[in-house]
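Each chain, letter by letter, is given below.
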Amino acid sequence: MNNFSNSTLYNYLLGLADDALILGQRTSEWCSRGPFLEEDIALSNVALDYIGRARMFYQYAAEVEGKGRSEDDLAYFRDEREFSNLLINELPNYDFAFSMVRQYFLDVHACLYLQGLTASTDQHLAAIASKAIKESRYHLKRSQTWLLQLGLGTEESNKRMQTAIDELWGYTPEMFMMTETETQLSTAGIAVNRDNLLQQWTATVTADIRSADLQIPDQQWQVVGGREGKHSEHLGHLLAQMQILQRSYPGLEW
Amino acid sequence: MSDSGQAVFDRRIEAEQKIEPKDWMPADYRKNLIRQMSQHAHSEVIGMQPEGNWISRAPTLKRKMVLLAKVQDEGGHGLYLYSATETLNATRDEMNAALHSGKAKYASIFNYPALSWADVGAIGWLVDGAAIVNQISLQGTSYGPYSRAMIRICKEESFHQRQGYEIMIALAKGTPMQKAMAQDALNRVWWPSLMMFGPHDSASAHSGRSMQWKIKLRTNDDLRQSFIDQTVPQIKFLGLELPDPDIKWNEERGHYDSGEIDWDEFKRVISGDGPCNRDRIRHHKKALDEGQWVREALQAYHNKKASASAA
Ligand SMILES: [Fe+2]
Ligand SMILES: [Fe+2]
Ligand SMILES: [Fe+2]
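For the structure given in this document, a descriptive report is provided here. (Residues numbered from 1 in each chain as written. Chains lettered and ligands numbered in written order. Predicted model: local features only at pLDDT ≥ 70, side-chain atom pairs only at ≥ 80, totals over all residues. Heavy atoms only, no water.)

A look at the pattern of salt bridges
Heads up, the condition is: Definition used for salt bridges: Asp or Glu carboxyl oxygen within 4 Å of a side-chain nitrogen of Lys or Arg. Put simply, DSSP H or I for four residues or longer makes a helix, DSSP E for two residues or longer makes a strand, and each gets a number counted from the N terminus. Between buried and exposed lies partly exposed: a residue is buried under 20% and exposed over 50% of the maximum accessible area for its type, with that area taken using a 1.4 Å probe on protein chains only.
Throughout the structure, instances matching the rule amount to 29 salt bridges over all chains. With a closest N to O distance of 2.6 Å, B:Arg92 and A:Glu38 form a salt bridge. One end of the pair, B:Arg92, is in helix α5 (residues 92-101); the other, A:Glu38, is in helix α2 (residues 37-65), on a second chain. Under the relative-accessibility criterion, A:Glu38 is labelled partly exposed at 33%. When the shortest N-O distance is used, the salt bridge between B:Glu16 and B:Lys214 registers 3.5 Å. Pair noted here: B:Glu16 is in the loop between α1 (5-14) and α2 (27-46) and B:Lys214 is in the loop between α9 (207-212) and α10 (220-238), with a separation of 198 residues, a long-range link. With a relative accessible area of 59%, B:Glu16 lands in the exposed category.

So, the coordination of the iron ion (ligand 1)
Residues and elements named next belong to chain B. To keep it simple, the criterion reads: In this description, a donor is an N, O or S atom within 2.8 Å of the metal centre, a cutoff extended to 3.2 Å for sodium, potassium and calcium. Water is not part of the atom list, which can make sites seem incomplete. Here a site with four donors is tetrahedral if all angles are between 85 and 135 degrees, and a site with four or six donors is square planar or octahedral if opposite donors are over 155 degrees apart and the other angles are between 65 and 115; anything else gets the irregular label.
Around the iron ion (ligand 1), the protein supplies Glu44 (OE), Glu74 (OE), His77 (ND1) and Glu157 (OE) as donor atoms, at distances of 2.0 to 2.1 Å. Considering all 4 donor atoms around the iron ion (ligand 1), the spread of angles at the metal, 87 to 134 degrees, places the coordination shape in the tetrahedral class. Counting along the primary sequence, the residues that act as donors to the iron ion (ligand 1) give the motif E-x29-E-x2-H-x79-E. Separating the iron ion (ligand 1) from the iron ion (ligand 2) is a distance of 3.6 Å, and Glu44 supplies a donor atom to each of them. With a gap of 113 residues between them, Glu44 in helix α2 and Glu157 in helix α7 (residues 144-172) connect regions that are remote in the sequence. Take Glu44: its relative accessible area is 7%, and that puts it in the buried class.

Geometric descriptors of this kind do not, in isolation, establish any biological role.
Here's what the structure looks like:
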């Protein structure tokens, strides 16, 4: 018998779903705005993977909740304070460097996290993770390549990448924080213990950043709160846009 | 005596054999192809914008994915077509410059705004539908790379049309508000879709030579008629009103008759003064301008790597 409630698992799944949806929505903003057509297409692919991933988590969350809600109910009818994504996902695409560094930080993390999740005792979660990790490995290959190319490219690209690293650095500690929910579920063999990922993440990121002629910031700072629904001001606008049709005309088939 | 390039070329056109990039071809044939193919490529790419305008607001996650994948496909079509045009020694930079200066055109339908979710349905259904009619005929075009690009593209366009029509079905079966949204989109997208086939044959500047060279295989009016004939029953199936009161079945011709297109509007929009022309070019140019440092960095990175491995 599991010693956690359904709502514990539900909250955990929502966090994973929100992470994927918000990053997918952000990344889709690059569509028709990429630096060249091939990259435009590649970024749309990444966005599609994330939205697809979000749907799998929402569907499972809705099933666990057992109130007859759908993936769309969960995505379209919750407010800012109810979204529990990590803050790094919601930040705007300030420039291509910013989006690529964010993607890189998240890809390294996702590969480690999903690897752990494939061993989850929850079969459904393990199955989602096995599908998602293939995508993330491919994403990482891309973002790692961009890190190198832009770090070693021109003076300007190097500077933009360094700025992005500096500005994103304080959003990375949140990726390793365990909520109470996660601690419970990780003890039960369902969720991944994020503490265990930090060392390897740091080692990989440090090595890659150095080989791209970039620096790890020595100043340590952090902004957290996404899991408790304490967001940046950016999320509300993203949701307002994303949810407009469902909120204007609730309950319709589209 | 060996045949002149022209004689070989003429014979191949006559025998409906493909012309390939390395073959001799008349300068005007090349020029005409670059004009038509780059225009087609630009249409795919600029066409990403009106529908792209709804990716962030799609009403369900599934619709969002289908739309994003569709817009991404259009980018892919642009890519095949740019690559095919590059075989004629036109560069991507030159083509983009011609687009920004207004010298190169694109389908004028994309100079109209996508104002509601129903427009996403109407565009997929009607605009991709019109594109298919045109492109099926272009599969047989005389230039090999263009023909092969069309064969690839046509398969995906049929998906797009079906997806667009599905959106329209959902709306037409929905609430009165949704049905009105669908009707409004149909009314607005209909005429510009007909304009996609270009001017009447009697007024088409490039048609004659393009037909002679078998770059084009059917005339503008002929293609337009096929589109009207296939689409009217689809409108009726949706239970929407016809967007043109003059549409009537003509027993004698075996085709639908329809009202006259507003050719002044067509000219105005194609020459740059449609509702969105300036926005479309600004958007495209902005993306390229903002990406310039990325492209430069990529180039610099590859140069450094090349000189490092040469050393
Ligand atoms: Fe297309
Ligand atoms: Fe097309
Ligand atoms: Fe299409």
